[in-house]
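Each chain, written out:
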Amino acid sequence: MKVLKILGIGITSIFVFFIGIAVITGLNKADPEETFIPFLEQQMPRVTNWDLDFIQGLMIEQAVSSATPEQWQMYIEKVSALGKLEHIDAIQLENMSARTSFTGNTTTTAVYLLSLQFSTGPAHARVILVHTEEDGVQVQHIKFLADRLMQ
């Protein structure tokens, strides 16, 4: 009987631990309306000035180091063919997740699809954003999609 009591307390403790982690993650995750949407509305017009240093300044370190300087320059030359951003038509949240480490730091990741209107025509951008308390919002990935880029 004593073994069952100890086993019950152990299982309950584990259950409470995981419930606590879920609650902490839920409380600490970034609110997309307050965090990611303003970031996209403020930074996308600046990103589409096609200044490589500015773009890389918004990105997480792993994203910047994922390509050589020459590859980055080729990418900027290619996407700058879209021209000047006239306006953002729509911002659609595709996916969002949050995880909390054992140290209590919560990382929220969100994937957005943006409908954009450039001087050369319509385009889309898929942007993956990461929010942490330490670094704020940073770009993990950005990809522009447009017929003009296929030429």
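Residues numbered from 1 in each chain as written. Predicted model: local features only at pLDDT ≥ 70, side-chain atom pairs only at ≥ 80, totals over all residues. Heavy atoms only, no water.

Notes on the environment of Gln43
Then, number 1: Looking at where Gln43 falls in the secondary structure, it is placed in helix α2 (residues 36–47).
Then, number 2: Accessibility expressed as a relative area gives 13% for Gln43, which makes it buried.
Then, number 3: Remark: the alpha-carbon pair of Gln43 and Ile55, spanning 12 residues in sequence, is separated by 9.2 Å.
Then, number 4: Excluding its chain neighbours within four sequence positions, the residues that come into contact with Gln43 are Phe54 and Leu58. (Helix = DSSP H or I, 4+ residues; strand = E, 2+ residues; numbered from the N terminus. Buried < 20%, exposed > 50% of the residue type's maximum accessible area, 1.4 Å probe, protein only. Contact = heavy atoms within 4.5 Å.)

Quick look at the packing of aromatic side chains
Then, number 1: Applying the stated rule across the entire model yields five aromatic pairs.
Then, number 2: Judged by centre distance (6.2 Å) and plane angle (55°), the rings of Phe36 and Tyr112 are tilted. One end of the pair, Phe36, is in helix α2; the other, Tyr112, is in strand β2 (residues 106–118), with 76 residues separating them in the sequence. When sorted by exposure, Phe36 lands in the same class as Tyr112, which is buried.
Then, number 3: Judged by centre distance (6.4 Å) and plane angle (85°), the rings of Trp72 and Tyr75 are edge-to-face. Separated by three residues within a single helix, Trp72 and Tyr75 lie in helix α5 (residues 69–79), roughly one turn from each other. (Phe/Tyr/Trp six-rings, centres within 6.5 Å; stacked < 30°, edge-to-face > 60°.)

Some details on the nonpolar core
Then, number 1: Ranked by internal contacts, the top residues of the largest apolar core, which has 35 residues, are Met44, Leu129 and Phe144.
Then, number 2: Contributions of two or more residues to this core are made by α2, α3 (52–58), α4 (61–64), α5, β2, β3 (121–132) and β4 (136–145).
Then, number 3: Top element by residues in this core is α2. It accounts for six residues.
Then, number 4: Ignoring anything within four residues of it in the chain, the contact list for Phe144 reads Met44, Val47, Thr48, Trp50, Tyr75, Val79, Leu82, Leu116, Phe118, His124, Ala125 and Leu149. (Core = buried A, V, L, I, M, F, W, Y, C linked by side-chain atoms within 4.5 Å.)

A word on α2
Then, number 1: If you check which residues of α2 are buried, you get Phe36, Ile37, Phe39, Leu40, Gln43, Met44 and Val47. Looking straight down α2, one finds its buried side chains confined to an arc of 145°; they lie on one side. (Arc of directions from axis to C-beta.)

Points about the sheet that holds β4
Then, number 1: On the basis of which strands lie adjacent, the open sheet formed by four strands has the order β1-β2-β3-β4 and antiparallel pairing. Both edges of this open sheet fall to β1 (85–100) and β4, since each of them pairs with a single strand only. Direction aside, neighbouring strands of the sheet carry axes that sit 20° apart on average.
Then, number 2: In terms of strand pairing, β2 meets β3 through 11 bridges, oriented antiparallel. Looking at β3, one finds that Leu114 is bridged to Ala125.
Then, number 3: This element, α2, spans β1, β2, β3 and β4 of the sheet and lies at about 135° to β1. (Pairing = 2+ DSSP bridges. Axes fitted to C-alpha atoms, helices over the stretch in contact; angles between N-to-C directions.)

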